[in-house]
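Secondary and tertiary structure notes
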Amino acid sequence: MKKSVLGKSGLEVSSVGLGCMGLSQSYPPFPDRAESIDFIRRAIEMGENFFDTSELYGVYQNEELVGEALEPFRDRVVIATKFGWNIQDGKVLGLDSRPATIRKAVDGSLKRLRTDHIDLYYQHRVDPNVPIEEVAETVEGLKKEGKILHWGLSEASVDTIRRAHAVFPVTAVQNEYSMWYRNPEQELLPVLEELGIGLVAFSPLGKGFLTGTVTKDAVFADNDIRSSIPRFNTKECLTANQKLAEKLRVFAKDRELSSAQIALAWLLHQKSWIVPIPGTKKTDRLRENMSAAYVELPETDWSQLTEMLAGLEIIGARYSAAQENMTNK
């Protein structure tokens, strides 16, 4: 598998990583634990080495299965997980990035992940009640203790990223970025390039939309995250946005590739320090996603894609109002 380096940190990971959240939450149906573990281990056999999880996903469940799956291969993989939540008796009560909570969280994650260190430890969402400088100092202490190797932020504002980086260098920022959501191009990407920080792009396939499998008549289960997202839960948005999916399908088909391969290859083409982490539960989709790292197109094709995207308007919000309110802080 091809490798990429996240910014100037020296942290080398698979050019296409694996987001593990969907094995436990947000995208039903969920495979049973044994099936999920087998799937993750199959990914390692195929050359995958970058696995993303969080204490939040399934409230500890995802970390537990990822930890069990990766334990025999710990020296071959890079594990990313996240902190920043007030979790009491299995219930998420809100954000909490106080130092004591971070320390409790990292010890819990280490235990569930069956490891003595976390390769990349993100603040999942910025806690407005705790100065980011205090968070950075706390995480720096964890690195000195050997509990983490690198740290990052998720869905943070550029001001917060600058302030955090000034205290303790940030290795990567995790943010939604795809043909379906290009807002990071306006402010985030220039700042990351300036500071030498990598971007880990989640939802690089637009929560499945860019694969061409979401029709205008799609209906999602209540426990499917897309049921709460305007781009997916209104007929108007699903219908209007089919233009993007169809144009991408035709472009890919003309080059004997899949829509997913083109969407991921487009992200990789933007910057060498961008690493997408699509989620899947199927080996054939995993292979397809990983192969995007080997897609090579002439510059005329990339230009055609740029022109195609510039001429399309994506309709609808990418998050509910409550979800969006927790970002860009």
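Up top is the structure these notes are about.
What counts as what
Residues numbered from 1 in each chain as written. Predicted model: local features only at pLDDT ≥ 70, side-chain atom pairs only at ≥ 80, totals over all residues. Heavy atoms only, no water. Buried < 20%, exposed > 50% of the residue type's maximum accessible area, 1.4 Å probe, protein only. Helix = DSSP H or I, 4+ residues; strand = E, 2+ residues; numbered from the N terminus. Pairing = 2+ DSSP bridges. Right-handed = clockwise from strand over helix to strand, strands pointing away. Contact = heavy atoms within 4.5 Å.

Counting buried positions along strand 5 (residues 78-83) yields six of six residues, so the element is predominantly enclosed. Covered by surrounding structure in strand 5 are Val-78, Ala-80 and Lys-82 together with Ile-79, Thr-81 and Phe-83, the residues of both alternating faces. Where strand 4 (residues 50-52) and strand 5 come together, three bridges link them in parallel fashion. When the bridges of strand 5 are listed, Asp-52 appears paired with Ala-80. At this point the chain moves from strand 4, through helix 2 (residues 61-70), to the parallel strand 5, and the crossover so formed is right-handed. Summarising the sheet, strand 5 and strand 8 (residues 118-123) pair through four bridges and their orientation is parallel. Note on strand 8: the bridge partner recorded for Lys-82 is Tyr-122.

Along the polypeptide, Phe-168 turns up in the loop between helix 5 (158-167) and strand 10 (172-176). A residue is classified by how much of its surface remains accessible, and Phe-168, at 7% relative accessible area, is buried. Linking Phe-168 and Leu-192, residues 24 residues apart in sequence, is a C-alpha distance of 15 Å. Apart from residues lying up to four places away in sequence, Phe-168 is in contact with Ala-136, Val-139, Glu-140, Lys-143 and Trp-151.

Shape descriptors only; they carry no functional weight alone.
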